[in-house]
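Each chain is listed here by its residues.
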Amino acid sequence: QVQLVESGGGLVQAGGSLRLSCAASGRTFSRYVMGWFRQAPGKERQFVAAISSTGRITNYADSVKGRFTISRDNAKNTLYLQMNSLKPEDTAVYYCASGPRLTTTGGAYDSWGQGTQVTVSS
């Protein structure tokens, strides 16, 4: 398995931006798909974005398309999520995850970080 540590969360006003990072260690980062998920209080975990091992293929939830960008730096073993035009409904704990295949299904990812809180005020 891989150890994942998220950072970059915080409080931001609606319309603002944040950049989340996820530092990976423990196995070869560049071999695995990476994803971002989020969970708001009282709601189920929701897929946000995923990126292939090389970074050439990305997938986004409809709710974040055009506002969020997922990227990775395999030389630095780090995953990113650039979040622009944030909305109050983006408020959630954001988790990064690692797995063998590009999918929106959380159960397919075998390693998870501890999460970072993102709060968007109106």
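Before any of the text, the structure's been laid out above.
Residues numbered from 1 in each chain as written. Predicted model: local features only at pLDDT ≥ 70, side-chain atom pairs only at ≥ 80, totals over all residues. Heavy atoms only, no water.

Visitor: Looking at this structure, I do not really get the nonpolar core. What am I missing?
Guide: In summary, soluble globular proteins display a tendency toward joint burial of nonpolar side chains. Among the nonpolar cores identified, the biggest contains 34 residues, and Trp36, Leu79, Leu81, Met83 and Tyr94 are the most heavily contacted of them. Ranked by the residues each element gives to this core, the list is headed by strand 5 (residues 46-51), at 5 residues. In this structure, Leu81 is in contact with Leu18, Arg19, Leu20, Trp36, Val48, Ala49, Phe68, Thr69, Ile70 and Tyr94, ignoring residues within four places of it in sequence. (Core = buried A, V, L, I, M, F, W, Y, C linked by side-chain atoms within 4.5 Å. Buried < 20%, exposed > 50% of the residue type's maximum accessible area, 1.4 Å probe, protein only. Helix = DSSP H or I, 4+ residues; strand = E, 2+ residues; numbered from the N terminus. Contact = heavy atoms within 4.5 Å.)

Visitor: Is there a simple way to explain the state of the cysteines in this structure?
Guide: Simply put, the disulfide is a covalent bond whose two ends are the sulfur atoms of two cysteines. Applying the stated criterion across every chain yields a total of 1 disulfide. A sulfur-sulfur distance of 2.0 Å marks the disulfide that ties Cys22 to Cys96. The sign of the 55° torsion about the S-S bond sets the Cys22-Cys96 disulfide as right-handed. Taken together, the residues Cys22 in strand 3 (residues 18-25) and Cys96 in strand 9 (residues 92-99) connect sequence positions 74 residues apart. (Disulfide = S-S within 2.5 Å.)

Visitor: Please explain the pairing of strand 9 as it appears in this structure.
Guide: Judged by how many residues are buried, strand 9 sits mostly within the fold: 8 of 8 residues are covered. In this sheet, strand 11 (residues 116-121) lies alongside strand 9 in antiparallel orientation, the contact comprising 3 bridges. Residue pairing for strand 11: Val93 is matched across the bridge by Gln117. Bridging between strand 9 and strand 10 (residues 111-112) involves 2 bridges; their strand directions are antiparallel. Residue pairing in the sheet places Ala97 in a bridge with Trp112 of strand 10. (Pairing = 2+ DSSP bridges.)

Visitor: Just checking my understanding: could you explain unusual backbone geometry for this structure?
Guide: Keep in mind that most residues, glycine aside, have a negative phi and that most peptide bonds are trans. Even without a glycine there, the phi angle at Asn77 is positive, about 55°. With respect to the helices, strands and loops of the structure, Asn77 is situated in the loop between strand 7 (68-73) and strand 8 (78-83). In this structure Asn77 comes out as partly exposed when scored by relative accessible area, which is 30%. Backbone geometry at Ser85 places phi at a positive 50°, although glycine is not the residue there. If you trace the backbone, Ser85 turns up in the loop between strand 8 and strand 9.

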